[in-house]
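Coordinate analysis (summary)
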Amino acid sequence: MADNLDKSKLLSPSDVVGIAWALTGFFATKDIETTEIAAEAKKGLDYLKELAKNAGEQENLYVIKATGSLNAAMRTLNTIYKGRVLNIEENDNLRKENLENIKQGLQFGNNAKDIMKSLPTMAIASGTGTITLTQLMQSWNLPDWAPWLIGLGTAGIGYFINLGFVRWGARQRQGVFIKQDYERDMFYQHYLTRVRTALINLYNDIARIHESIFQKHYPVGSSENAASVVDGILKGNQMTMCEFVHKHFDSRIITPNLWVLCETGGKAAETCKYWEK
């Protein structure tokens, strides 16, 4: 190359990775703040592309190829993001289905209460027609208070049957929401893992493009590499769940009161009675 430069003065591999991560803000179209960040990143990239046109043959070629690699990476990142959205939608559908099943169970309990409550007045088939339980008991010459006692008893039984279903429903609903929260955390962690791989590949692609054009690796500090750059960018987005959350979730020992410790992790999680020394 006629310019004979040692490195790009406009765009480093880490810069490209940072721009790529910022541009993912365009995927979240309902989040104004992230789309504004993405718009600023695009504006900056467009400005660099214009500068490169007048910065020499090497620089211009490098920025063109780096931009092409960036665009390819954005397609991959978009696919990853859509996969995460699909996972969340499917998770929502499963939650709605589970809640509907719980609702039907509660309705069954309520119906059972009503049936028990009305049992003394229900018609019973007999050889002479139909007769209620109360009338049948009266024909046995039982005390006058006996039908009332039976009525109270059946109503009480119905009440406790319904109460059992209500408590069961409350536990089931709590379990559904904890499970959904846990699964969403897993989907998000899976999303970050795939994003990390895509950004590391992008960094390495840009480094190879730089070397092919400038005949040298882009000079970086001794501690910088693709993984360290990407991990630095994604560090604030990583999950902080307790290290034992998967084991304890499978063991079904996580309760609504404990879930906040499970999800936030850190020192607070060490106060949990199930923390493993």
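Here we summarise the structure given alongside this text. Everything quoted here is computed from the prediction, not taken from an experiment. (Residues numbered from 1 in each chain as written. Predicted model: local features only at pLDDT ≥ 70, side-chain atom pairs only at ≥ 80, totals over all residues. Heavy atoms only, no water.)

Some thoughts on the pattern of salt bridges
Convention followed: We define a salt bridge as a contact between a side-chain nitrogen of Lys or Arg and a carboxyl oxygen of Asp or Glu at a distance within 4 Å. Put simply, DSSP marks the helices as runs of H or I at least four residues long and the strands as runs of E at least two long, and each gets a number from the N terminus on. Classification of residues uses two cut-offs on accessible area relative to the type maximum, computed with a 1.4 Å probe and protein chains only: under 20% is buried, over 50% is exposed, and between them is partly exposed.
For the structure on display, the rule yields eight salt bridges. Notably, a salt bridge pairs K49 with D46, separated by 3.9 Å at the nearest N-O pair. Separated by three residues within a single helix, K49 and D46 lie in helix α2 (residues 32-53), roughly one turn from each other. Judged by its relative accessible area of 31%, K49 falls in the partly exposed class. On the basis of relative accessibility, which here comes to 30%, the residue D46 falls in the partly exposed class. Across the pair E50 and K53 runs a salt bridge, and its minimum N-O distance is 3.0 Å. Note that E50 and K53 are positioned in helix α2 at a spacing of three residues, about one turn of the helix. Through salt bridges that share partners, K42, D46 and K49 make up one connected network.

Regarding the nonpolar core
The following threshold applies: Think of a nonpolar core as a cluster: buried Ala, Val, Leu, Ile, Met, Phe, Trp, Tyr and Cys residues, connected wherever their side-chain atoms sit within 4.5 Å. Throughout, a residue-residue contact means that at least one pair of heavy atoms, one from each residue, lies within 4.5 Å.
Among the nonpolar cores identified, the biggest contains 40 residues, and L70, L77 and L199 are the most heavily contacted of them. Counting residues per element, the ones that place at least two in this core are α1 (13-23), α2, α3 (57-118), α5 (145-214) and α6 (226-234). Among the elements that line this core, the one with the most residues is α5, at 13 residues. Residues within four places of L70 in sequence aside, it is in contact with V16, I19, A20, L23, L45 and L202. Core analysis: the next-biggest nonpolar cluster, separate from the first, contains seven residues, I178, V245, I254 and C262 among them.

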